[in-house]
Amino acid sequence: MKTQTKAYLALTFICIVWGTTYLAMRVGVSQFPAFAFSAIRQTIAGGGLLLFVWLSGKGGTINFAYLRKHAFIGFMMITIGNGLVGWAEMFIPSGLAALICAMMPVCVVLINLASKAEEKPNALIYAGLLFGVGGLMLVFREHVADLVNPDYRMGILLTFVAIVGWSYGSVSIRRYGKPESPLMNAGFHLFFGGIGIWLFSFVFDDYTRFSTVDWQGMSALLYVTVFGSLGAFVCYLYVLQHLPVGLASIYAYVNPLVAVLLGWWILDEKLNALIALAFVITVVGIFMVNKGYKVKAYKALSKPAAT
């Protein structure tokens, strides 16, 4: 099977699975200490993947510079990007968390633009940003009564912080070039990121909540560990290496739809015409930003070389 075909299959898997993990996280953090739930899944997934790499002999060169680089990516993507969303879902609906996280491609593009002084946003990117923000404003309008709750406001704020961390980690992966061992890299990202979440857990979690865990909580933990961490995260790293970053982030169009529908169907979260409209507007905004980014890239490639 050709590499690009595998990359598209991996992207399809991500689109479906990561949309369902918002629901699973919501179920999990309703029973587990929130940070501990994420820390357990990531350290087990990372440790298991590293063990597999070691036993199969598919690892690469490990030195201090390598460990430092991948510890940083793990902290940004897993500790910040995943850990904070898990904590936030104690206080905000899973569908709302997914809609906020849908802004990740916008954040990726903005980080790329900010890091390259010669690049300036074009009209499509500006319009897409306005659409994206407008969509989120419609969502918040439906939850305006909840904004008086400080925990709800903190959950929203930390979800925004999470997408910045995940986006910066994604951009950093691209900048480091082609990896020697994608599986080993993924294992260290998950493991180091999980260790970082444990540090948050030791400070903020209430461990007496472990006594409330039942089969639903354990099932949620098993699902996000095997499919959300091991399966989808490894696929995501593969996609980042073999597809354009704008295309790699297209899963953000599908994830919120899956999460909103599952949250409404299973957890009875709010879903009405206004929220549906907000979803459409947000996705249109993300599409416009990605389209604007592609137009800029195409123009750059089409520009005649200086003679």
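All values derive from a computational prediction rather than experimental measurement. (Residues numbered from 1 in each chain as written. Predicted model: local features only at pLDDT ≥ 70, side-chain atom pairs only at ≥ 80, totals over all residues. Heavy atoms only, no water.)

**Thoughts on the environment of F75**
Logical step 1: Topologically, F75 is positioned in helix α3 (residues 64-80).
Logical step 2: Sequence separation between F75 and W166 is 91 residues; the distance between their C-alpha atoms is 9.1 Å.
Logical step 3: Dropping the residues within four chain positions of it, F75 is found in contact with I80 and G193. (Helix = DSSP H or I, 4+ residues; strand = E, 2+ residues; numbered from the N terminus. Contact = heavy atoms within 4.5 Å.)

**A look at the packing of aromatic side chains**
Here a ring pair, both rings aromatic, is described through the centre-centre distance and the interplanar angle of the planes.
Logical step 1: Summed over all chains, the structure comprises 17 aromatic pairs.
Logical step 2: With a centroid separation of 6.0 Å and 85° between ring planes, the pair formed by F32 and F210 is classed as edge-to-face. With F32 in the loop between α1 (3-29) and α2 (34-56) and F210 in the loop between α9 (182-204) and α10 (215-242), the pair connects residues that are 178 residues apart, well separated along the chain.
Logical step 3: With relative accessibility at 33%, the residue F210 sits in the partly exposed group.
Logical step 4: Taking the centre distance of 5.7 Å and the plane angle of 80° together, the rings of Y66 and F188 count as edge-to-face. Here F188 lies in helix α9 and Y66 lies in helix α3, a separation of 122 residues in the sequence.
Logical step 5: Residue Y66 is classed as buried on the basis of its relative accessible area, which comes to 10%. (Phe/Tyr/Trp six-rings, centres within 6.5 Å; stacked < 30°, edge-to-face > 60°. Buried < 20%, exposed > 50% of the residue type's maximum accessible area, 1.4 Å probe, protein only.)

**Observations regarding a nonpolar patch on the surface**
Logical step 1: Together, L199, F202, V203, F204, Y207 and F210 make up a nonpolar patch on the protein surface, roughly 650 Å² of accessible area in all.
Logical step 2: Relative to the elements of secondary structure, L199 occurs in helix α9.
Logical step 3: For L199, a relative accessible area of 54% corresponds to the exposed category. (Patch = residues over 30% accessible without salt bridge, like charges linked within 9 Å, V, L, I, M, F, W, Y side chains within 5 Å. Areas by Shrake-Rupley, 256 points an atom, 1.4 Å probe, with all protein chains shown as cover. Salt bridge = Lys/Arg side-chain N within 4 Å of Asp/Glu carboxyl O.)

**Quick notes on α2**
Logical step 1: The terminal C-alpha atoms of α2, which comprises 23 residues, lie 34 Å apart, in line with the 33 Å expected from a rise of 1.5 Å per residue.
Logical step 2: G57 sits one or two positions beyond α2 and adopts a positive phi of about 70°. (Expected span 1.5 Å × (residues − 1).)

**A few points about the packing of α3 against α9**
Logical step 1: Closest axis-to-axis distance for the α3/α9 pair is 7 Å, and the angle between their directions is 60°. The pairing of α3 with α9 is recorded here as oblique in orientation. Here α3 runs over α9; the crossing is right-handed. Mapping the contact onto sequence places Y66, L67, H70, A71, I73, G74, F75, I78 and T79 in α3 and M184, N185, F188, H189, L190, F192, G193, G194, G196, I197 and F200 in α9. (Axes fitted to C-alpha atoms, helices over the stretch in contact; angles between N-to-C directions. Parallel < 35°, antiparallel > 145°, perpendicular 65-115°, else oblique. Left-handed = near helix turned anticlockwise from the far one by under 90°.)

**Looking at helix α5 (residues 94-101)**
Logical step 1: With eight of eight residues buried, α5 is to be regarded as a mostly interior element.
Logical step 2: Every buried residue belonging to α5 is among S94, G95, L96, A97, A98, L99, I100 and C101, and all of these are buried.

**Some remarks on the side chain of T79**
Logical step 1: Position of T79 among the secondary structure elements: in helix α3.
Logical step 2: Excluding residues that lie within four positions of it along the chain, T79 makes contacts with G74, L84, F192, G193, G196, I197 and F200.

**Concerning the environment of L240**
Logical step 1: Here L240 is to be found in helix α10.
Logical step 2: Classification of L240 by relative accessible area gives buried; the value is 0%.
Logical step 3: Separated by 229 residues in sequence, L240 and L11 place their C-alpha atoms 9.6 Å apart.

**Description of the nonpolar core**
Logical step 1: Membership of the largest hydrophobic core comes to 80 residues, with the highest contact counts inside it found for W166, F233, Y236 and Y251.
Logical step 2: Those residues within four positions of F233 in sequence are excluded, and the remaining contacts are W18, M77, I78, W166, A186, H189, L190 and G228.
Logical step 3: Among the nonpolar cores identified, the runner-up in size contains five residues, and L50, V53, M184 and F188 belong to it. (Core = buried A, V, L, I, M, F, W, Y, C linked by side-chain atoms within 4.5 Å.)

**What to know about the packing of α5 against helix α12 (residues 251-267)**
When two helices pack together, their arrangement is given by the angle between the helix axes and by the axis-to-axis distance.
Logical step 1: Where α5 contacts α12, the two axes come as close as 8 Å, and the packing angle between them is 175°. Judged by the angle between their axes, α5 and α12 are roughly antiparallel. Judged by residue contacts, S94, G95, A98 and L99 of α5 engage N255, P256, A259, V260, G263 and L267 from α12.
Logical step 2: Here the residues of the contact of α5 with α12 sort into six nonpolar, four polar and no charged. (Nonpolar A, V, L, I, M, F, W, Y, C, P; charged D, E, K, R; others polar.)

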